Amino acid sequence: MSSLNFIIKKARRRSSSCRLCISAVNLTCDYNSSQNYIMTLIATIQSDPKFKQLLLGVLLALVLELLSILGFKLPTYIILPLTIALIATVGRAVVIKGFEAVIKFNFKSINFLMTVAAVGAFILGEYEEAAVVIVLFSLAERLEDFGFDSSKSALKELLGKTPKLVSIKGATDLIPID
């Protein structure tokens, strides 16, 4: 139930023959949301060492992929340990969740699918592809978590701006909302 419906029902319980008149309710955000989102993202990057590590991993995976696309194949003895280290540091959670999904026979898990894609790329000898799949998926999950946290805090802020008192038409006193 939305908070406005809650307010209306609460006021109706107090006075059965009244019309609700909420005055001076401002439920708009007082900031430019896209600018605030970017500034919050930059602050998160600066304060979270794991996020910096993730971005460094994305950069390294993209450089490896670009080299592969341009035809510059690094020797296996260089690229294999580099990709395994990249996946182990940046995409560890995805791979662990993927193997847990196999154990639980949860074949519709996205982590399972990403792990299968990475293992398939390893089998085909496309080590760069395996790194790109896991690293970009890890970045997507991190950004999704960031977006969820941002929207959650924005909603809390918005709910904090709801009125604490209402005036009912025909009544002189303001009624507190519990």
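Before reading on, note that the structure itself is shown above.
Just so you know, these numbers come straight off a predicted model, no measurement behind them.

What counts, and where the lines are drawn
- Here, residues in each chain are numbered from 1, in the same order as that chain's written sequence.
- Since the coordinates come from a predicted model, pLDDT governs what is reported: local features require at least 70, and pairs of side-chain atoms require 80 or more to be given and counted, while whole-chain, interface and lining totals use all residues.
- Remark: hydrogens and water are excluded; side-chain values derive from all non-hydrogen atoms of the structure.
- In this description a helix means any DSSP run of H or I spanning at least four residues, a strand means any run of E spanning at least two, and both kinds are numbered starting from the N terminus.
- Partly exposed describes any residue whose relative accessible area lies between the buried limit of under 20% and the exposed limit of over 50%, with all areas from a 1.4 Å probe on protein chains only and scaled to the type maximum.
- Whether two residues are in contact is decided by their heavy atoms: any pair within 4.5 Å suffices.
- Two joining distances apply to patches: 9 Å for like charges and 5 Å for nonpolar side chains (Val, Leu, Ile, Met, Phe, Trp, Tyr), and every residue must have over 30% relative accessible area and no salt bridge.
- What sets the accessible areas is the Shrake-Rupley method with a 1.4 Å probe; for residues, cover comes only from the shown protein chains.
- Every case where a carboxyl oxygen of Asp or Glu lies within 4 Å of a side-chain nitrogen of Lys or Arg is listed as a salt bridge.
- Geometry of aromatic contacts follows a simple scheme: Phe, Tyr and Trp rings, the Trp one being its six-membered ring, pair when their centres are within 6.5 Å, and the pair is stacked under 30 degrees between planes, edge-to-face over 60, tilted otherwise.
- To estimate how far a helix should reach, multiply one less than its number of residues by 1.5 Å.
- What the arc describes is the spread of directions from the helix axis to the C-beta atoms.

K.L.:
Mind laying out the overall build of the chain, listing which residues take part and the relevant values?
P.N.:
The number of helices and strands found in the chain is seven helices and three strands. Counting helices and strands in the order they occur from the N terminus, the chain gives α-β-α-α-α-α-α-α-β-β. The 178 residues of the chain split such that 28% are buried. Here the contacts in the chain between residues at least 6 apart in sequence split such that 64% fall between residues at least 24 apart.

K.L.:
Got a sec to walk through a nonpolar patch on the surface? Specific residues and values, please.
P.N.:
A cluster of nonpolar side chains, contributed by Phe99, Val102, Phe105, Phe107, Val119 and Ile123, occupies part of the molecular surface with about 630 Å² of accessible area. Counting only elements with at least two residues in the nonpolar patch, the list comes to helix H5 (92-103) and helix H6 (110-124). Note on placement: Val119 falls in helix H6. Taking the relative accessible area as the measure of exposure, Val119 reaches 38% and is therefore partly exposed.

K.L.:
Got a sec to walk through the packing of aromatic side chains? Specific residues and values, please.
P.N.:
Tallying each qualifying case throughout the model produces three aromatic pairs. With a centroid separation of 5.4 Å and 55° between ring planes, the pair formed by Phe122 and Tyr127 is classed as tilted. Taking the relative accessible area as the measure of exposure, Phe122 reaches 22% and is therefore partly exposed. Residue Tyr127 is classed as buried on the basis of its relative accessible area, which comes to 16%. Three or more aromatic residues link up through ring pairs in this structure, and these residues are Phe105, Phe107 and Phe112.

K.L.:
A description of H5 should follow, citing residues and the corresponding values.
P.N.:
A rise of 1.5 Å per residue sets the reference length of H5, with its twelve residues, at 16 Å; its end C-alpha atoms lie 17 Å apart and thus fit the reference within 8%. All buried positions along H5 are accounted for by Val94, Val95, Gly98 and Ala101. Projection of H5 onto a plane perpendicular to its axis shows the buried side chains occupying an angular sector of 120°, all on one side. On the buried face of H5, the contacting elements are helix H4 (76-90), H6 and helix H7 (127-160).

K.L.:
So, the pattern of salt bridges: which residues are in play, and what are the values?
P.N.:
Taken as a whole, this structure holds three salt bridges when the rule is applied. Here Glu126 ties to Lys73 by a salt bridge, and the two come within 3.5 Å at their closest N and O atoms. Remark: Lys73 occurs in the loop between helix H3 (49-69) and H4 and Glu126 occurs in the loop between H6 and H7; sequence separation between them is 53 residues. A relative accessible area of 47% places Lys73 in the partly exposed class. Lys161 is the salt-bridge partner of Glu157, the closest N and O atoms lying 3.8 Å from each other. Among the charged side chains, a salt-bridge network with shared partners connects Lys73, Glu126 and Glu128.

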